[in-house]
Amino acid sequence: DTAVSQTPKYLVTQMGNDKSIKCEQNLGHDTMYWYKQDSKKFLKIMFSYNNKELIINETVPNRFSPKSPDKAHLNLHINSLELGDSAVYFCASSQDSPLVNTDTQYFGPGTRLTVL
Amino acid sequence: ELKVEQNPLFLSMQEGKNYTIYCNYSTTSDRLYWYRQDPGKSLESLFVLLSNGAVKQEGRLMASLDTKARLSTLHITAAVHDLSATYFCAVDGIYNNNDMRFGAGTRLTVKP
């Protein structure tokens, strides 16, 4: 009965590769997010999708691209991986749009990406 | 599996009042974080609590950790409007493959 799930849980890859992280929520929420957690545990918002539209896009490199095939999924594609991309990436979902208000968000378990 | 529960999820309070947000977690851990999020923004780290009995204070916010009860509290003293935000607690499952789990957040609204 996991509300927000991410796969894979761990991802180890070589620099220059292209990889994807998947996220699924079964809560019927309208908005999904991707966050990057740095070494100090700060969570930087990367993207959010509301009804299949990108509504927030912080200044992240073009190598990162979110893709939402439907309301329940928001996948993160990363091209030409760099050492600095190593981090834990969290997916989350909420009922409302973040621009309206910050509703409660349900976080996935995180994906630990290591770029060698 | 590590689970984290916060309550209340929604909190509306008057300026000048005090209140406490609770964070319970299900398995052993001794590392707990409190974050603040403004609408559409990143999660800003407020406190990191690393041991049983840890207490940290910053301005009108004070966080504490009781690892035996698996409970952390975030106490708000004499609330002001600027504290309106969503507050998340998160627990490092250091005995659980370092998985980090978040509570659902408490949306705090402070009214004049």
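Just so it is clear, the model here is predicted, and its values are computed rather than measured. (Residues numbered from 1 in each chain as written. Chains lettered and ligands numbered in written order. Predicted model: local features only at pLDDT ≥ 70, side-chain atom pairs only at ≥ 80, totals over all residues. Heavy atoms only, no water.)

**Student:** Sorry if this is basic, but what is going on with the overall build of chain B here?
**Tutor:** Scanning chain B for helices and strands turns up zero helices and eleven strands. By the compact-globule yardstick of 13 Å for 112 residues, chain B fits well, its C-alpha radius of gyration being 13 Å. By its C-alpha atoms, chain B is 45 × 30 × 20 Å across when sized along the principal axes. Among the 112 residues that make up chain B, the fraction classed as buried is 47%. The long-range share in chain B, meaning contacts at least 24 apart out of those at least 6 apart in sequence, stands at 55%. (Helix = DSSP H or I, 4+ residues; strand = E, 2+ residues; numbered from the N terminus. Rg over C-alpha atoms; globule rule 2.2 N^0.38 Å. Buried < 20%, exposed > 50% of the residue type's maximum accessible area, 1.4 Å probe, protein only. Contact = heavy atoms within 4.5 Å.)

**Student:** Got a minute to help me understand the pairing of strand E2 (residues 10-14) of chain B in this structure?
**Tutor:** A regular strand carries its side chains on alternate faces of the sheet. Residues and elements named next belong to chain B. Residues Leu11 and Met13 line the buried face of E2, whereas the alternating positions Phe10, Ser12 and Gln14 sit on a face that is not buried. With five bridges joining them, E2 and strand E11 (residues 106-111) adopt parallel strand pairing. Bridging from a neighbouring strand, Ser12 pairs with Thr109 of E11. (Pairing = 2+ DSSP bridges.)

**Student:** Before we go on, may I ask you to explain the nonpolar core in this structure?
**Tutor:** A general trend in soluble globular proteins is that nonpolar side chains are found buried together. Core analysis: the biggest nonpolar cluster contains 25 residues, and Leu32, Trp34, Leu74, Ile76, Tyr87 and Leu108 of chain B have the highest contact counts within it. Those elements giving two or more residues to this core turn out to be E2, strand E3 (19-25), strand E4 (32-37), strand E5 (43-49), strand E7 (61-66), strand E8 (71-76), strand E9 (85-93) and E11 of chain B. Of the residues forming this core, the biggest block, four residues, is contributed by E9 of chain B. Counting residues in each nonpolar core, the second largest holds 20 residues, with Tyr49, Phe64, Ile78 and Leu81 of chain A among its members. (Core = buried A, V, L, I, M, F, W, Y, C linked by side-chain atoms within 4.5 Å.)

**Student:** Would you take a moment to explain unusual backbone geometry for this structure?
**Tutor:** With the exception of glycine, most residues fall at negative phi, and the peptide bonds are largely trans. Here the amide bond leading from Thr7 of chain A into Pro8 of chain A is cis, since omega sits at -5 degrees, within 30 degrees of zero. Note that Pro8 of chain A resides in the loop between strand E1 (4-7) and strand E2 (10-13). For the bond running from Asn7 of chain B to Pro8 of chain B, omega is -5 degrees, close enough to zero to count as cis. One can find Pro8 of chain B in the loop between strand E1 (4-7) and E2. Not every positive phi belongs to a glycine, and Ser80 of chain A is a case in point at roughly 45 degrees. Its place among the elements puts Ser80 of chain A in the loop between strand E8 (73-78) and strand E9 (87-94). One non-glycine residue, Ala78 of chain B, adopts positive backbone phi at about 50 degrees. Within the secondary structure, Ala78 of chain B is located in the loop between E8 and E9.

**Student:** What is the right way to look at the packing of aromatic side chains in this model?
**Tutor:** Centre-to-centre distance and the angle between the planes together describe a pair of aromatic rings. For the structure on display, the rule yields nine aromatic pairs over all chains. Ring geometry for Tyr35 of chain A versus Phe107 of chain A: centroids 5.4 Å apart, planes at 35 degrees, classification tilted. In this pair, Tyr35 of chain A is assigned in strand E4 (residues 31-37) and Phe107 of chain A in strand E10 (residues 106-107), connecting sequence segments 72 residues apart. A relative accessible area of 0% means that Tyr35 of chain A is categorised as buried. Here Phe107 of chain A falls in the buried class, since its relative accessible area comes to 11%. Arranged with centres 4.2 Å apart and planes meeting at 20 degrees, the rings of Phe107 of chain A and Phe102 of chain B form a pair that is stacked. With Phe107 of chain A in strand E10 and Phe102 of chain B in strand E10 (residues 99-102), the pair connects residues from two separate chains. In terms of burial, Phe107 of chain A and Phe102 of chain B fall into one category: buried. Taken together, Tyr33, Tyr35, Phe90 and Phe107 of chain A together with Tyr33, Tyr35, Phe88 and Phe102 of chain B form an aromatic cluster joined through their ring pairs. (Phe/Tyr/Trp six-rings, centres within 6.5 Å; stacked < 30°, edge-to-face > 60°.)

Shape is all these values report; function is a separate question.
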